[in-house]
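Structural features, examined
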Amino acid sequence: MDTKRILELRGQAARLEATTHVGKGGVTTTLIEEISRQLKDNKLVKVKLLKSAVEETPRKEIAEKLAKETGAELIEVKGNTVVLYKR
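In this report, the structure presented in the accompanying data block is examined. Remember, predicted model here, so these are calculated numbers, not experimental data.

Description of the overall build of the protein
A count of helical and extended segments in the protein gives 4 helices and 4 strands. Here the C-alpha radius of gyration of the protein, 12 Å, is about what a compact globule of 87 residues would show, namely 12 Å. Counting only C-alpha atoms, the protein reaches 35 × 25 × 20 Å along its principal axes. Each of the 87 residues in the protein was classed as buried or not, and the buried ones make up 36%. A total of about 5500 Å² of accessible surface is found on the protein, and carbon and sulfur atoms cover 47% of it. Side chains of the protein carry 18 positive and 13 negative charges; the gap between the two charge centres is 4 Å.

Structure, rendered in structure tokens:
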């Protein structure tokens, strides 16, 4: 994906609220199914990483796993927020 498109998606994501949270349970099958469903409906999803999740695993690692498991592109990891996009 080109830089211009990524910047557009980041702008759109800035106006979104996080619709899913990753907690101490980490990345579970149920979580992956829910994010996949949201990506199918909305294409762009914002996920909040709770403190209990990032104490165990680095943010970037969680974000990459979410992207891989859902078949989405990782657009941004900013603080404790991950933005995923699926074409």
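Side note on unusual backbone geometry
The backbone of K43 shows a phi angle near 70°, a positive value even though the residue is not glycine. For K43, the position within the fold is in the loop between α2 (29–42) and β2 (44–49).

Let's talk about the pairing of β2
The buried count for β2 comes to 5 of 6 residues, which makes it a mostly enclosed element. Where strand β1 (residues 20–22) meets β2, 3 bridges bridge the pair, whose relative direction is parallel. When the sheet's bridge partners are listed, T20 is paired in β2 with V47. For the handedness criterion, the β-α-β arrangement of β1, α2 and β2 is classed as right-handed. Pairing analysis gives 5 bridges linking β2 to strand β4 (residues 81–85), with the strands arranged antiparallel. Residue pairing in the sheet places V45 in a bridge with L84 of β4.

What counts, and where the lines are drawn
- Residues numbered from 1 in each chain as written.
- Predicted model: local features only at pLDDT ≥ 70, side-chain atom pairs only at ≥ 80, totals over all residues.
- Heavy atoms only, no water.
- Helix = DSSP H or I, 4+ residues; strand = E, 2+ residues; numbered from the N terminus.
- Rg over C-alpha atoms; globule rule 2.2 N^0.38 Å.
- Buried < 20%, exposed > 50% of the residue type's maximum accessible area, 1.4 Å probe, protein only.
- Areas by Shrake-Rupley, 256 points an atom, 1.4 Å probe, with all protein chains shown as cover.
- Lys, Arg positive; Asp, Glu negative; His and termini not counted.
- Charge placed at Lys NZ, Arg CZ, Asp CG, Glu CD.
- Pairing = 2+ DSSP bridges.
- Right-handed = clockwise from strand over helix to strand, strands pointing away.

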